[in-house]
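# Notes for the structure review
Listed below, chain by chain, are the residues.
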Amino acid sequence: MVRRAYMMASLEQYFALLINFTVLVIVARILTPGEIGEAVTGLAIAVVAFSAREFVTSDFLIQRGTVDVETLRTALTLQVAVSVMIAAALVALSGLITRFYAAPDLSFFLSLAAVAGVIEALAQPVIALLRREMGFGVLACIRTAVSLTAALFTIMLAALGFGPIAFAWGMLSGSLMLAILAVTCSPLPAAAIFRPGLARWREVLSFGLFKGAALVVERLHETVPQLILGRIASMTSVALYNRSNTLCGIPDRIIMSAFYSMAFPALASRVRDGHDIEKTYLGVLAYLSVLYWPGVVLISLLAPSIVGIVLGPQWTEAVPVVRVLALAAVFWLPVIVTGPLLLALGRNRDAFLASLVSRCLAAGILCAASLHGVMAMALSQFVSLPLQMVVALAFVHRHVRFSLSGLAAALMPSAVVTGFSLVGPVALLAMPGHQEAGLLVFAGAILLAGGGWLAGLLATRHPFLIELQVLLNAGRDRARRLHRFLVASGA
């Protein structure tokens, strides 16, 4: 049951990635960078504002021993009440924000986002209840339908000339779909849940304190530098940085989505069973680095092709930004593992502090850099990400006494494999006539990189070879079963 739940959660994330990537490709060719920058600014303001409702998060239902009707009513009441207050504040301040950014569409954009946030709040207790019951199959269907609805409305309205407001209407349509499907799929009758109640309000606030604070800090770190950039520079600069960051985050979304869904329970299981946690930690870093590092380095190398294929010719200014951000992302790897590991060790406070310290440092650096433009923000990642890496390693080292030599030994094979992956693409791009961006150059480079990656695994005898062998054996077993089935059926 647990494995099926993880599989469904991972499939949902991959579907969402595919849908969002499709929107990225299509809308980048319909709207100008300035219009997308305005939409990104509106979305960022809405995301920061509504992150405050995590202080009354419905996730407390997941860890509670039993869930009764009063608990569900409290969760719903607090979610809706806080969302209404946030929405009212957004609408009240929308005129001021519009004048601050000199962007006339922002006022209506924020009004639509406010309505979407309130409607979305209606679904949160049901979503938490489905997660509690391990209903990840139902959740995957709900969230995929929501993503498709929002994507279709955004693309259609952008094509009809709605400009940046297309994103706000897409958000509102997705929220409506989420609320409808959540009520339809609720394990309990809607009449029992959708009534006001505050019987468990103290419990909700106690649970949401750290979670809400951590999420607010994370959202501020992600959005505030871009909001400053939009005021100091231009909406086009915001779009360039945001879309460049999105492209560089593709390996993170593809490779790490499955890891995020299984990391905490898998690491917790190793801790409970008394395994060597240092060996486990270094092994996780070795596995992730051999997948993640080649991905981000290739994005940096192939940035002209990727930008041309995904975003189109009007985004050529994003190429140097993508190259810098992708190279800096190499330092992000240890940060990814820190939270799940500390939670598995029962160090919840340290997990929160590690996130708080690293995010605050990074946000300060990015905000200072945003005063000097989009390229300065990209280059500042060579300062902020190494700092976050040091903070992550320091917090982990308080509980897992790994040595620097052991860390280097775990990561060195992955560095060598990354080098092998680059040999073919670099040779291809060095050939006369292959420097220009294009689909054929990109496809050829990816094939050569894949061959180099496999050669690197074999040359270094990387531990990840074991996983490839398991996958190969599983594929063979399925092929044999399919062959036996076809023979038995006379096909």
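Look up: the structure comes first, before these words.
In short, a report on the structure. (Residues numbered from 1 in each chain as written. Predicted model: local features only at pLDDT ≥ 70, side-chain atom pairs only at ≥ 80, totals over all residues. Heavy atoms only, no water.)

### So, the overall build of the protein
- Summing up its helical and strand segments, the protein has 21 helices and zero strands in all.
- If you take every contact in the protein between residues at least 6 apart in sequence, the share linking residues at least 24 apart comes to 83%.
- In the form shown here, the protein has an accessible surface area of approximately 22600 Å², with 70% of it arising from carbon and sulfur atoms. (Helix = DSSP H or I, 4+ residues; strand = E, 2+ residues; numbered from the N terminus. Contact = heavy atoms within 4.5 Å. Areas by Shrake-Rupley, 256 points an atom, 1.4 Å probe, with all protein chains shown as cover.)

### Side note on the nonpolar core
- By size, the foremost hydrophobic cluster in this structure holds 56 residues, and its most contacted members are L247, V307, L311 and W315.
- Per-element tally for this core: the top contributor is helix α15 (residues 318–328), with seven residues.
- Ignoring anything within four residues of it in the chain, the contact list for V307 reads L247, G312, W315, A318, V319 and V322.
- Ranked by size, the runner-up nonpolar core spans 28 residues in total, among them I277, L285, A328 and M389. (Core = buried A, V, L, I, M, F, W, Y, C linked by side-chain atoms within 4.5 Å. Buried < 20%, exposed > 50% of the residue type's maximum accessible area, 1.4 Å probe, protein only.)

### Quick look at the packing of helix α13 (residues 277–301) against helix α19 (residues 404–430)
- The interhelical angle for the contact between α13 and α19, taken along N-to-C directions, is 25 degrees, at an axis separation of 9 Å. One finds that α13 runs roughly parallel with respect to α19. The handedness of the crossing between α13 and α19 is right-handed. (Axes fitted to C-alpha atoms, helices over the stretch in contact; angles between N-to-C directions. Parallel < 35°, antiparallel > 145°, perpendicular 65-115°, else oblique. Left-handed = near helix turned anticlockwise from the far one by under 90°.)

### Structural notes on the packing of aromatic side chains
- For the structure on display, the rule yields five aromatic pairs.
- A ring pair is formed by W453 and F464, whose centres lie 6.0 Å apart and whose planes are at 65 degrees; its orientation type is edge-to-face. Taken together, the residues span a long stretch of sequence, with W453 in helix α20 (residues 439–460) and F464 in helix α21 (residues 464–488) at a distance of 11 residues. For the pair W453 and F464, one class covers both residues: buried.
- Three or more aromatic residues joined by ring pairs make a cluster, and in this case those are Y287, W453 and F464. (Phe/Tyr/Trp six-rings, centres within 6.5 Å; stacked < 30°, edge-to-face > 60°.)

### Some details on helix α18 (residues 374–397)
- The end-to-end C-alpha separation of α18 is 35 Å, in line with the 34 Å expected for 24 residues at 1.5 Å each.
- Its axis deflected by about 35 degrees at Q381, α18 carries its strongest bend there. (Expected span 1.5 Å × (residues − 1). Bend = angle between axes of the 7 residues up to and from the residue.)

### What about the side chain of S175?
- Among the secondary structure elements, S175 is positioned in helix α8 (residues 165–184).
- Those residues within four positions of S175 in sequence are excluded, and the remaining contacts are A116, I119 and E120.

### Points about the packing of helix α2 (residues 33–50) against helix α11 (residues 235–248)
- The N-to-C vectors of α2 and α11 enclose an angle of 75 degrees; their axes lie 7 Å apart at closest approach. One finds that α2 runs roughly perpendicular with respect to α11. Where α2 abuts α11, its residues P33, G34, I36, G37, E38, V40 and T41 lie against M235, T236, V238, A239, N242 and R243.
- Here the contact of α2 with α11 is built from residues that sort into six nonpolar, five polar and two charged. (Nonpolar A, V, L, I, M, F, W, Y, C, P; charged D, E, K, R; others polar.)

### Quick look at unusual backbone geometry
- With a phi close to 50 degrees, A102 is a non-glycine residue in the positive phi region.
- Secondary-structure assignment places A102 in the loop between α4 (69–101) and α5 (106–121).
- Since its relative accessible area comes to 65%, A102 is described here as exposed.
- Phi is positive for R461, close to 50 degrees, though the residue is something other than glycine.
- Here R461 is to be found in the loop between α20 and α21.
- Here R461 falls in the exposed class, since its relative accessible area comes to 74%.

### Digging into α13
- Here α13 is 25 residues long and its end C-alpha atoms lie 36 Å apart, about the 36 Å a rise of 1.5 Å per residue gives.
- Of all the bends in α13, the greatest, near 35 degrees, is centred on S289.

### Details of a nonpolar patch on the surface
- A grouping of F153, M156, L160 and F162 is seen on the molecular surface, where their side chains present a nonpolar patch of about 400 Å² in accessible area.
- Its place among the elements puts L160 in the loop between α7 (136–159) and α8.
- A relative accessible area of 58% places L160 in the exposed class. (Patch = residues over 30% accessible without salt bridge, like charges linked within 9 Å, V, L, I, M, F, W, Y side chains within 5 Å. Salt bridge = Lys/Arg side-chain N within 4 Å of Asp/Glu carboxyl O.)

### Comments concerning the environment of L387
- Residue placement: L387 occurs in helix α18.
- Owing to a relative accessible area of 33%, L387 belongs among the partly exposed residues under this scheme.
- Spatially, the C-alpha atom of L387 lies 9.9 Å from that of V357, the residues being 30 residues apart in sequence.

### As for the environment of L342
- Following the sequence through the fold, L342 ends up in helix α16 (residues 333–344).
- Looking at L342, the relative accessible area reads 0%, which means it is buried.
- Separated by 57 residues in the primary sequence, L342 and H399 have C-alpha atoms spaced 8.3 Å apart.
- Excluding its chain neighbours within four sequence positions, the residues that come into contact with L342 are R347, N348, D350, A351, A354, F395, V396 and H399.

### As for the pattern of salt bridges
- According to the stated counting rule, one finds two salt bridges in the structure shown.
- Measuring nitrogen to oxygen at the nearest pair gives 2.9 Å for the salt bridge that ties R53 to E120. With R53 in the loop between α2 and α3 (60–63) and E120 in helix α5, the pair connects residues that are 67 residues apart, well separated along the chain.
- Given a relative accessible area of 7%, R53 falls into the buried group.
- The partly exposed category is assigned to E120, whose relative accessible area is 27%.
- Ionic pairing is found between D350 and R398, a salt bridge with its closest N-O pair at 3.8 Å. With D350 in helix α17 (residues 348–370) and R398 in the loop between α18 and α19, this residue pair connects regions lying 48 residues apart in the sequence.
- Note on D350: relative accessible area 7%, which makes it buried.

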